[in-house]
Amino acid sequence: MSKQIEKGDRWSQRIGERLADYDIGVICVTPENSAAPWLVFEAGALSKALGTAKVCPVLLGMSPSDLDGPVAQFQATSIEKADLLSLLRTLNDELGDEGVDKAVLTAAFNREWPRLERKLQRIAASPMTATNLSVSAIVRTFGRHGFPEPDMGSAAHFTSGFESHGLYDTACELAQHKLIVFGRKNRKLFDKEHRDFFASLPTKIDDGFDFRCLFLDPEAPSHVIRAAHQDDGLVAELRSSLDRACEVMSANGLDPSTHFRTYRIQRNTSMLVVDEAVLHTRIRMTAEGRAYGLTKCPFAVVGSQSPSGHDLVEDFETIWSGANDLPPA
């Protein structure tokens, strides 16, 4: 808009009035702005005459399945040659008699595509300024992974899903500058489903990414081992899981001893720290004093700057500082 909105005017009304003059609009959507209120508002204003007006989201660094909310109802365009050409043809059709011949449009697009593709590749390779993930961002992404709607308050409470593959998928997808795990075996984190995360981890670590895991030590006192699981084969499982985790790290050129430590205490909480969000659950015990399994159990998400989140992160740092280094391979 060339004219500034007057002081005291309702900016949403003024922008809405201007956008209402148009029958088609293109909205560029990235992971960073996909949930922005202004983007949702402008999509709504452009679609004022639903059924005739068109809203065309163009996705960079996202796929159509990543969209949620009002923008998800519109047919999106991926940054691919065929999809972009289809969008241009739609825009050209909206011009009616003022549009160019379809053959001319296609020829011009094919001629310019190599240059455009190089620019798009440079944009995609450009590092984004890291932003701390809020609890709401975690919750939205969990929803896309099939988790139930949480009870929202000072924390988000999920009724199930902790230590599931979906939880680790979400953590690896979202973490931009920190992933800290206080688990037991941590086996699912190092499954083949997350190979892309570990392949990219060396570059992330060079840029300051904090990746650390605490494993229960197979040499922990017998009463700690017994309390940690209802199965008696835990020691062998711990050794196997730790060996696998070390193999994954070494295969990607990373020193496991820098990122792994083992603890020998009986824990009462399991947690992941994903940027500024802390995912945690309480360890429940049987009448015989042995821990129940954590897969699919309830968990909560809090901000790391909240009182409870701050305490949980401090607990991890205290245990990490007193934990054992990995023995030489």
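Residues numbered from 1 in each chain as written. Predicted model: local features only at pLDDT ≥ 70, side-chain atom pairs only at ≥ 80, totals over all residues. Heavy atoms only, no water.

Colleague: Explain the overall build of the chain here, please?
Modeller: In terms of helices and strands, the chain carries 11 helices and 12 strands. With 329 residues in all, the chain has 41% of them scored as buried. Within the chain, contacts between residues separated by at least 24 positions form 67% of all contacts whose residues are at least 6 apart in sequence. Of the roughly 18,300 Å² of accessible surface on the chain, 51% is carried by carbon and sulfur atoms. (Helix = DSSP H or I, 4+ residues; strand = E, 2+ residues; numbered from the N terminus. Buried < 20%, exposed > 50% of the residue type's maximum accessible area, 1.4 Å probe, protein only. Contact = heavy atoms within 4.5 Å. Areas by Shrake-Rupley, 256 points an atom, 1.4 Å probe, with all protein chains shown as cover.)

Colleague: Is there a simple way to explain the sheet that holds strand S2 (residues 54-59) in this structure?
Modeller: Hydrogen bonds between backbone atoms are what pair the strands of a sheet, whose relative direction is either parallel or antiparallel. Taken in spatial order, the 3 strands of this open sheet run S1-S2-S3, and their pairing is parallel. Of all strands in the sheet, those bounded by a partner on one side alone are strand S1 (24-29) and strand S3 (77-78). Bridge analysis of S2 against S3 gives 2 bridges, and the strand direction is parallel. Note that in S3 the partner of Leu59 across the bridge is Ser78. (Pairing = 2+ DSSP bridges.)

Colleague: Just checking my understanding: could you explain the packing of aromatic side chains for this structure?
Modeller: Aromatic ring pairs are reported here in terms of the distance separating the ring centres and the angle at which the planes meet. Scanning the entire structure with this criterion turns up 13 aromatic pairs. Taken together, a centroid distance of 5.0 Å and an interplanar angle of 70° make the contact between Phe215 and Phe260 edge-to-face. Pair noted here: Phe215 is in strand S7 (residues 210-216) and Phe260 is in strand S8 (residues 260-263), with a separation of 45 residues, a long-range link. You'll find Phe215 and Phe260 in the same group, each marked buried. In this structure an aromatic cluster arises from ring pairing among Phe190, Phe197, Phe198, Phe209, Phe211, Phe215 and Phe260. Against the face of Trp320 rests Arg212, its NZ or CZ located 5.2 Å from the ring centre. (Phe/Tyr/Trp six-rings, centres within 6.5 Å; stacked < 30°, edge-to-face > 60°. Lys NZ or Arg CZ within 6 Å of the ring centre and 35° of its normal.)

Colleague: Can you help me understand the pattern of salt bridges in this one?
Modeller: Between side chains of opposite charge, a pair can form when the charged atoms approach closely. Evaluation of the coordinates by the stated rule reveals 10 salt bridges. The salt bridge involving Asp210 is made with Arg212; its shortest N-O contact spans 3.0 Å. Its relative accessible area of 22% is what places Asp210 among the partly exposed residues. By relative accessible area, Arg212 is classed as buried at 12%. (Salt bridge = Lys/Arg side-chain N within 4 Å of Asp/Glu carboxyl O.)

Colleague: How should I be thinking about the pairing of strand S6 (residues 178-182) in this particular structure?
Modeller: The two faces of the sheet receive side chains in turn, since in a regular strand these alternate between them. With 4 of its 5 residues buried, S6 lies for the most part within the structure. As judged from the 5 bridges shared by S6 and S7, these two strands associate in the parallel manner. Within the sheet, the bridge partner assigned to Ile180 lies in S7 and is Arg212. Relative to strand S9 (residues 269-274), S6 is paired through 4 bridges, and the arrangement is antiparallel. When the sheet's bridge partners are listed, Leu179 is paired in S9 with Val274.

Colleague: What should I look at first to understand helix H3 (residues 81-94) in this one?
Modeller: Across its 14 residues, H3 extends 20 Å between first and last C-alpha, which sits within 8% of the 20 Å expected from 1.5 Å per residue. Taken as a whole, H3 has its buried residues at Leu84, Leu85, Leu87 and Asn92. The buried residues of H3 occupy an angular sector of 155° when projected down its axis, which confines them to one face. One or two positions beyond H3, positive phi appears at Gly96, with a value near 60°. (Expected span 1.5 Å × (residues − 1). Arc of directions from axis to C-beta.)

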